[in-house]
Structure formats: C-alpha cells, structure tokens
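The chain contents come next:
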Amino acid sequence: MAKLIAGDGLSIIRITVKDNGTPVDLTGAAIVMNYRIGGGSLLTTGGWTINSPATAGVTQFQFANGTLTAGQLVGELQITMAGKIGKTSKIYIDIEAAV
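Residues numbered from 1 in each chain as written. Predicted model: local features only at pLDDT ≥ 70, side-chain atom pairs only at ≥ 80, totals over all residues. Heavy atoms only, no water.

### Remarks on the pattern of salt bridges
- Per the counting criterion, the structure on display carries two salt bridges.
- Its salt-bridge partner being E76, residue K87 comes within 3.6 Å of it at the nearest N-O pair. Taken together, the residues K87 in strand β10 (residues 84-87) and E76 in strand β9 (residues 71-81) connect sequence positions eleven residues apart. (Salt bridge = Lys/Arg side-chain N within 4 Å of Asp/Glu carboxyl O. Helix = DSSP H or I, 4+ residues; strand = E, 2+ residues; numbered from the N terminus.)

### Side note on the environment of K3
- Inspection of the secondary structure puts K3 in strand β1 (residues 2-5).
- Distance from K3 to T45, taken between C-alpha atoms, is 18 Å for residues 42 residues apart in sequence.
- Discounting residues that sit within four places of it in the chain, K3 has contacts with I93, D94 and E96. (Contact = heavy atoms within 4.5 Å.)

### Regarding the packing of aromatic side chains
- Scanning the model with the defined rule gives three aromatic pairs in all.
- Where Y35 meets F63, the ring centres are 6.2 Å apart and the plane angle is 85 degrees; that geometry is what we call edge-to-face. Taken as a pair, Y35 in strand β5 (residues 30-37) and F63 in the loop between β8 (58-62) and β9 lie far apart in primary sequence, 28 residues in all.
- Owing to a relative accessible area of 4%, Y35 belongs among the buried residues under this scheme. (Phe/Tyr/Trp six-rings, centres within 6.5 Å; stacked < 30°, edge-to-face > 60°. Buried < 20%, exposed > 50% of the residue type's maximum accessible area, 1.4 Å probe, protein only.)

Pasting the structure below:
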C-alpha cells in the first residue's frame, strides 16, 4: 500500500493499469480518479498524465498543495477510451499527517 503526506503538493500517484497482468495500451485515453478520504465526500481528479510509451499502461497524477488530508484514500480510476468507460480495481493509499 502506498503512503502520502497530508498537505504535500509534491505527492504523486503513479499506477500501471493492467488487464490480467498485461499493461493496457492507454493511447488516446482520458483518465480521472473518483475517491474518498476517510469515508468523506466523493472527490474527482482530472489531469492524469499518460507516461510514454502509452502502450506501457503507466499513468500518474500530482496532487495540488493542501489537497490531501490525513486518512485512507479509497478510489478507482475511470478510463475512457474510444467512447467506452472502464474502471479499475479499488486503490488504497494511506495519507499520513504532516509532522
């Protein structure tokens, strides 16, 4: 399980999207993540970057300063390709309080 720091604007999530163990070709994909922190309100992030080569299935997102609060983030990616929408398995990330 990944760990991030609350309030940190340099926190990056990097995920390899796979289908049955094989990287998904993300060419032309649009990606958002729907998530909650500590059971709170549903939030959505856009602005995911697809790393090169897109065929490797790697995408990442950098949180803005002050966006993260302490608790457990539970979310899933929503990937739109060729007009079809797919969702990933749940993502769990611990967000630790800043010291």
